[in-house]
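# A structural walkthrough
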Amino acid sequence: MTERSIHLVQLYPKDMNIYGDWGNTLALKRRLERYGYAVRLSDHDPGDPFPADADLLVGGGGQDSGQFRVQEDLQRIAPELRAMAADGVPLLAICGLYQLLGHEFRTASGEVLPGIGLLDATTAAGPTRLIGNIVLESPEFGTVVGYENHSGLTRLGPGQDPLGRVVKGAGNNGEDGTEGARVHHVVASYLHGSLLPKNPAVADHLIRAAVERRHGSFDAEPLDDTLAERAREAAIARPR
Amino acid sequence: MERMSRPHVRLLGQGIRYLTTLRGGGSAFPGLVMEKLHPGFVAEELAKLPHGVVVVSGTNGKTTTTKMAVQLLRAQGLKVFTNRTGSNFVRGVAAALLGEMSLTGRLDADIAVLELDEAHAVHFVKQVEPRYALLLNVMRDQLDRFGEIDTTRRMLARIAAATTGTVVLNREDPRIASLAEHVPEGTGIRWFGLSAALRPLFPSDDDMRSAGGPEAGADHEDELAPRPAAAVELSSFEANRVRLLVEGRPVETTVDLYGVYNIYNAAAALALALAVAGPDADRPALLAELSRVTPAFGRGETIEVGGRPLQLLLVKNPAGFRLSLASARPGDYATMITINDEYADGRDVSWLWDVDFHSLREGGVDVVAGTRAWDMALRLDHDEVPVREVVPGLGDALRRFVAGAGDRPMRVFCTYTSMLELRRELSRVAEVAEI
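As the structure is a computational prediction, the values presented were derived from the model and not from experiment.

All names here are of chain A. Taken from the UniProt record, the annotation "active site" (unreviewed entry) applies to Cys95 and His192. Across 98 residues in sequence, these annotated residues keep their C-alpha atoms within 7.0 Å of one another, forming a single compact spot. By the secondary structure assignment, Cys95 is in the loop between β4 (91–94) and α3 (96–101). Among the residues examined, Cys95 registers a relative accessible area of 6% and is labelled buried. Every residue in contact with Cys95, bar those within four places of it in the chain, is listed here: Gly61, Asn149, His150, Ser189 and Tyr190.

Set out below in structure tokens:
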């Protein structure tokens, strides 16, 4: 019997991996393996040939300097990324990469980084950082918990769905109560590091989309998520 | 309001310090009072010191390195004032000053060696120009306080720019090495560094993430770049035998500290002491003193519990945790990990995902504790490390850990506030040094 395999690709791990983004990659890899899939993990860094056979894409946060370094390469692969997203390839984008999936990111020093317009969202640096524990309610995933730390303020266009509504914390801009953005199987959010390990519902949505697209169906036995459940309860109970 | 006369302010501050000592309270409060009543107090007192002020800053190793630097300078015959309680705010320095001054207001010291965290150091150097700065490293740490690692580097650049005598820099940390450009004209630069053979033991945060996991990412592209000569270079070590190149000459000594990162900090402290002592430095005395340094509290400190050693290892960030894990064979120890997310620890525990825990897989972890015990258990599960028990309450966890350790020596990896709480718990059943 040939083992069923999923190609998991990290976008820009060298420049965009602040705040424990490795946890998201690791959660996807571990869950896929526990569901019985072999995982091929590879990196896409600036200048690399883009892996067109990717089944699942994940990218993290960066400092402004990291975002400058990847921005040009992101423009180069933008047509493929947009086509893959439209074709249902799941993508998780945290913080810095989330900002670059929108129309533009205006930095604190006034420079404008063009995005790739996959999301109808625009980001501008704000006067203070929005930092702390955050809890959302998402129509698809229920309660989503994590930690945010960003100075960029993101505004969604009129037709753009957020990932969820903020229950505790600031979210996209601290004003309109939205957090993150959703389109196709793209999940974009400011919740860093521990988003997927502590939110198995989001991880499983991405995994299901990847497996169904590659192998036709996904019907694995549910995993035991007791540890994640306890960690979620603890996180929700902590101060901002 | 009319400003109080100086001796009155100081005596008031010393009185408050005495009272807070009686109730066993916080170390910075009397300093806060001083800061309010007489804002220039700290700067005025420190300006009188004949050898000026040394600022020690950076992400990891400040407390241990400061302690070693103080000891080395004392071995050179200097009277050293330091903020040894680790209350590294300006007001902490003020409180320490009050404790050291006689009731007639004399500070009996030649030089001050102060541990300051990056943010407080920026505030401090606006009031007091340091004559020397020792800048250790910039790692991911407490990003929820400082924002980004580049922000942290900019804070250290302000310290370098304010230093009037000599800045001592870590040659192997690219963010520290690049601070040389901020050192003003007329201020000297001294380096401490590692031999080429030892550099791979210290992966930078930039090397961490790639498809193979945290360990596979090290590509030392900068290896080929020319490096400035180091005043002190750590050549090699085997257990506590340490070989150094001191101003180009090979020397050997012993350093009884736990872990390679502490031995490297010893090299940093030695480079600082040489810079302060100048050409007349008594080198044999410095090396002899190095072999007498002991760990600072919670930094590899060993406490006897029921006849067995229990070692406390403070972990604050991925690089420090990785190095602590790599410093001994985990299978030989009973292991506990305690993770709190109080303000002083950093509220964000995402950094745990940047630590590779595979080395614990074989021996497992006996107990996981702290406010974020379940996050830690979840993290270990992702590296397939077996965990025997998850007990969030620290007192309970410690008792279960000690009871279950059997004959094994014990290691506890702990965040800052959990370390303080564990020391309090341990002081009930064992001898724990006052801090």
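More follows now that the structure is in view.
The partner chain A presents 40 residues to the 34 residues of chain B that form the contact. Together chain B and chain A conceal approximately 3,200 Å² of surface at their shared face, both sides included; 53% is due to carbon and sulfur atoms. Inspection of the chain B/chain A interface yields five salt bridges. Notably, a salt bridge pairs B:Asp375 with A:Lys198, separated by 2.5 Å at the nearest N-O pair. The interface formed by chain B and chain A holds nine residue pairs in polar contact (both at pLDDT 80 or more) in total. Counting only elements with at least two residues in the side of chain B that touches chain A, the list comes to α7 (143–146), α8 (149–162) and α13 (373–382) of chain B. For the side of chain B that touches chain A, the element with the highest residue contribution is α13(B), accounting for seven residues. Here the residues of the side of chain B that touches chain A are counted per class, giving eight nonpolar, seven polar and 19 charged.

Before going further, it helps to spend a moment on α13(B). Burial analysis of α13(B) places eight of its ten residues in the buried class, the great majority of the element. Regarding α13(B), the residues found buried are B:Ala373, B:Asp375, B:Met376, B:Ala377, B:Leu378, B:Arg379, B:Leu380 and B:His382. For α13(B), the secondary structure elements touched by its buried residues are α1 (22–34), α4 (195–198) and α6 (226–237) of chain A together with β12 (334–338), β13 (365–369) and β14 (387–390) of chain B.

Before going further, it helps to examine the UniProt feature "binding site: substrate" (unreviewed entry) in chain A. Here the UniProt feature "binding site: substrate" (unreviewed entry) sits at A:Arg129. Along the chain, the position of A:Arg129 falls in strand β7 (residues 121–138).

Our next topic: the sheet that holds β4(A). Residue and element names in this part refer to chain A. In space, the six strands of this open sheet follow the order β2-β1-β3-β4-β12-β11, with mixed pairing throughout. Each end of this open sheet is capped by a strand with a single partner; those strands are β2 (38–44) and β11 (181–183). Neighbouring strand axes in the sheet, compared pairwise and without regard to direction, differ in orientation by 15° on average. Of the pairings in the sheet, the one linking strand β1 (residues 5–11) to β2 comprises seven bridges and is parallel in character.

A separate point is the pairing of β13(B). All names here are of chain B. Burial of β13 is extensive: five of the five residues sit out of reach of the surface. With three bridges connecting them, β12 and β13 associate as parallel partners. When the sheet's bridge partners are listed, Thr338 is paired in β13 with Ala369. In this structure, β13 lies alongside β14, joined through three bridges in parallel fashion. Its bridge partner being in β14, Val368 is matched across the sheet by Val390.

Before going further, it helps to spend a moment on the packing of helix α14 (residues 394–404) of chain B against helix α15 (residues 416–427) of chain B. Residue and element names in this part refer to chain B. Contact pair α14 / α15: the axes reach a minimum separation of 10 Å and the direction vectors enclose 60°. With respect to α15, the axis of α14 lies oblique. Considering the relative orientation of α14 and α15, their crossing is right-handed. Contacts between α14 and α15 involve Leu394, Gly395, Leu398 and Arg399 from the first element and Ser418, Glu421, Leu422, Glu425 and Leu426 from the second. Classifying every residue of the contact of α14 with α15 by side-chain character gives four nonpolar, two polar and three charged.

It is worth spelling out the UniProt feature "active site" (unreviewed entry) in chain B at this point. The sites that carry the UniProt feature "active site" (unreviewed entry) are, in the present numbering, B:Asp348. For B:Asp348, the position within the fold is in the loop between β12 and β13.

Turning our eyes to something else, we now look at the side chain of A:Thr25. The residue A:Thr25 is located in helix α1 in this model. Apart from residues lying up to four places away in sequence, A:Thr25 is in contact with A:Leu8, A:Gln10, A:Leu41 and A:Val58.

According to the stated counting rule, one finds seven aromatic pairs over all chains in the structure shown. For the pair A:Tyr37 and A:Phe218, a centre-to-centre distance of 6.3 Å together with 25° between the ring planes defines the contact as stacked. Note that A:Tyr37 is positioned in the loop between α1 and β2 and A:Phe218 in the loop between α5 (200–215) and α6, a separation of 181 residues in sequence. For the pair formed by A:Tyr37 and A:Phe218, the shared burial category is buried. Between B:Phe321 and B:Phe413, the aromatic rings sit 5.4 Å apart at their centres with planes inclined by 25°, giving stacked as the arrangement. With B:Phe321 in helix α12 (residues 318–326) and B:Phe413 in strand β15 (residues 410–414), this residue pair connects regions lying 92 residues apart in the sequence. The residues B:Phe321 and B:Phe413 share a single accessibility class, namely buried. Three or more aromatic residues joined by ring pairs make a cluster, and in this case those are B:Phe321, B:Trp351, B:Phe357 and B:Phe413. For B:Arg411, the ring lying beneath its charged end belongs to B:Tyr333, and the centroid distance is 4.8 Å.

Moving on, we get to the packing of helix α4 (residues 62–75) of chain B against helix α10 (residues 260–277) of chain B. All names here are of chain B. For the pair α4 and α10, interaxial distance at closest approach is 9 Å and the crossing angle is 40°. Between α4 and α10, the angle is such that the two are oblique. As α4 runs across α10, the sense of the crossing is right-handed. On α10, the residues touching Thr64, Thr65, Met68, Ala69, Leu72 and Leu73 of α4 are Asn262, Asn265, Ala266, Ala268, Ala269, Leu270, Leu272, Ala273 and Val276.

What follows concerns the environment of B:Leu194. Residues and elements named next belong to chain B. Relative to the assigned elements, Leu194 resides in strand β6 (residues 188–194). Taking C-alpha positions, Leu194 is 22 Å from Gly300, a pair spaced 106 residues apart along the chain. Not counting the four nearest positions on each side in its chain, Leu194 is found in contact with Arg171, Glu172, Arg199, Phe202, Glu233, Leu234 and Tyr264.

Residue and element names in this part refer to chain A. Residue placement: Leu156 occurs in strand β8 (residues 142–156). The spacing of Leu156 and Thr123 is 33 residues in sequence and 8.9 Å in space, taken between C-alpha atoms. Excluding its chain neighbours within four sequence positions, the residues that come into contact with Leu156 are Tyr98, Asp120, Ala121, Asp161, Pro162, Asn172, Thr178, Gly180 and Ala181.

About the cut-offs
Residues numbered from 1 in each chain as written. Chains lettered and ligands numbered in written order. Predicted model: local features only at pLDDT ≥ 70, side-chain atom pairs only at ≥ 80, totals over all residues. Heavy atoms only, no water. UniProt positions renumbered as here; feature names shortened; annotations may be inferred. Helix = DSSP H or I, 4+ residues; strand = E, 2+ residues; numbered from the N terminus. Buried < 20%, exposed > 50% of the residue type's maximum accessible area, 1.4 Å probe, protein only. Contact = heavy atoms within 4.5 Å. Buried area = accessible area lost by both parts, 1.4 Å probe. Salt bridge = Lys/Arg side-chain N within 4 Å of Asp/Glu carboxyl O. Polar contact = N/O pair within 3.5 Å; in protein donor to acceptor, adjacent residues only side chain to side chain. Nonpolar A, V, L, I, M, F, W, Y, C, P; charged D, E, K, R; others polar. Pairing = 2+ DSSP bridges. Axes fitted to C-alpha atoms, helices over the stretch in contact; angles between N-to-C directions. Parallel < 35°, antiparallel > 145°, perpendicular 65-115°, else oblique. Left-handed = near helix turned anticlockwise from the far one by under 90°. Phe/Tyr/Trp six-rings, centres within 6.5 Å; stacked < 30°, edge-to-face > 60°. Lys NZ or Arg CZ within 6 Å of the ring centre and 35° of its normal.

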